[in-house]
Amino acid sequence: MRNDLQKLGTENRFRFQGTFERFGVKRGWEGVEETTILLRKIKHIGSGRQVSDHLWFNLTGGFESTINDFLGTTYQTKQEEAQRLLLERKAVFEFDGRVENYK
C-alpha cells in the first residue's frame, strides 16, 4: 500500500486525511517524552486512494490547535477524555505533508 505513497515523490507537498486512532508517547531528544498521534486509513486527497494503513505523527501545534478547536477545550487538561471524544466523533484530520523515505 505504501507504494502508492512512494509514487507521489518527495518534491511536493500533498494533502492527506486520516482518522484519529489514539495518542501515544515516544522518547525524543535526550529521553524527553513527546506526545504523538496515530492516524489510520491515510488517504491522498487528490486521488482519493488510501496510501497507508496508519502513520504516527508528533503532536505538533497544528494538530493540537485543531484538536482544541474540535473539542472546544484544551486536550492536555484531560487527554483521556479528549481521546474518547475524538474516537466517538470519528475525528478525521486533513493535513499537508511531503513524502519522506525512512527505515
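Source: prediction; values computed, not measured. (Residues numbered from 1 in each chain as written. Predicted model: local features only at pLDDT ≥ 70, side-chain atom pairs only at ≥ 80, totals over all residues. Heavy atoms only, no water.)

**Student:** Describe in detail helix α2 (residues 61-71), supporting the description with residues and values.
**Tutor:** Since one α-helical turn is 3.6 residues long, residues separated by three or four positions face the same way. Among the residues of α2, Phe63, Ile67, Asn68 and Leu71 are the ones counted as buried. Considered in projection along α2, the buried side chains sweep an arc of 130 degrees and stay on one side of the axis. More than 90 degrees from the buried face of α2, the exposed residues found are Gly61 and Asp69. Against β1 (14-27), β2 (33-44), β3 (50-58), α3 (79-88) and β4 (92-97) lie the buried residues of α2. Downstream of α2 by a residue or two, Gly72 has a phi angle that is positive, lying close to 75 degrees. (Buried < 20%, exposed > 50% of the residue type's maximum accessible area, 1.4 Å probe, protein only. Helix = DSSP H or I, 4+ residues; strand = E, 2+ residues; numbered from the N terminus. Arc of directions from axis to C-beta. Contact = heavy atoms within 4.5 Å.)

**Student:** Tell me what's going on with α3, and back it up with residues and numbers.
**Tutor:** If you check which residues of α3 are buried, you get Ala82, Leu85 and Leu86. The buried side chains of α3 occupy one side of the element, clustering within an arc of 100 degrees when seen end-on. For α3, the exposed residues set more than 90 degrees away from the buried face come down to Glu80 and Glu88. Those residues of α3 that are buried lie in contact with β1 and α2. Looking one or two residues past α3, Lys90 carries a phi angle of roughly 50 degrees, positive in sign.

**Student:** Report on the nonpolar core, specifying residues and quantitative values.
**Tutor:** Ranked by internal contacts, the top residues of the largest apolar core, which has 22 residues, are Phe16, Phe20, Ile37, Leu39, Ile67 and Phe93. It is β1 that provides the largest number of residues to this core, a total of four residues. For Ile37, the residues in contact, after removing those within four places along its chain, are Phe20, Arg22, Leu55, Trp56, Phe57, Asn58, Leu59, Phe63, Ile67 and Phe93. (Core = buried A, V, L, I, M, F, W, Y, C linked by side-chain atoms within 4.5 Å.)

**Student:** Could you give an account of the packing of α2 against α3, with specific residues and numbers?
**Tutor:** As a packed pair, α2 and α3 sit with axes 11 Å apart at the nearest point and diverge in direction by 75 degrees. In terms of orientation, α2 lies roughly perpendicular with respect to α3. For the pair formed by α2 and α3, the contact residues are Ile67, Phe70 and Leu71 on the first element and Ala82, Leu85 and Leu86 on the second. Taken together, the residues that form the contact of α2 with α3 break down as six nonpolar, no polar and no charged. (Axes fitted to C-alpha atoms, helices over the stretch in contact; angles between N-to-C directions. Parallel < 35°, antiparallel > 145°, perpendicular 65-115°, else oblique. Nonpolar A, V, L, I, M, F, W, Y, C, P; charged D, E, K, R; others polar.)

**Student:** For the pattern of salt bridges, give the residues involved together with the corresponding values.
**Tutor:** Oppositely charged side chains are able to pair whenever their charged atoms sit close together. Tallied over the entire structure, the rule returns six salt bridges. Between Arg15 and Glu94 there is a salt bridge whose closest N-O contact spans 3.1 Å. Here Arg15 is found in strand β1, whereas its partner Glu94 is found in strand β4, with 79 residues between them in sequence. For Arg15, a relative accessible area of 36% translates into the label partly exposed. (Salt bridge = Lys/Arg side-chain N within 4 Å of Asp/Glu carboxyl O.)

**Student:** Can you lay out the sheet that holds β2 for me, pointing to particular residues and giving the numbers?
**Tutor:** With antiparallel pairing, four strands are arranged side by side in an open sheet as β3-β2-β1-β4. Edge positions in the sheet fall to β3 and β4, since each has one partner strand and no second. When strand polarity is set aside, the average angle formed by the axes of neighbouring strands in this sheet is 40 degrees. Those strands touched by α3 are β1 and β2, and its axis lies near 150 degrees from that of β1. (Pairing = 2+ DSSP bridges.)

Nothing here speaks to function; it is all geometry.
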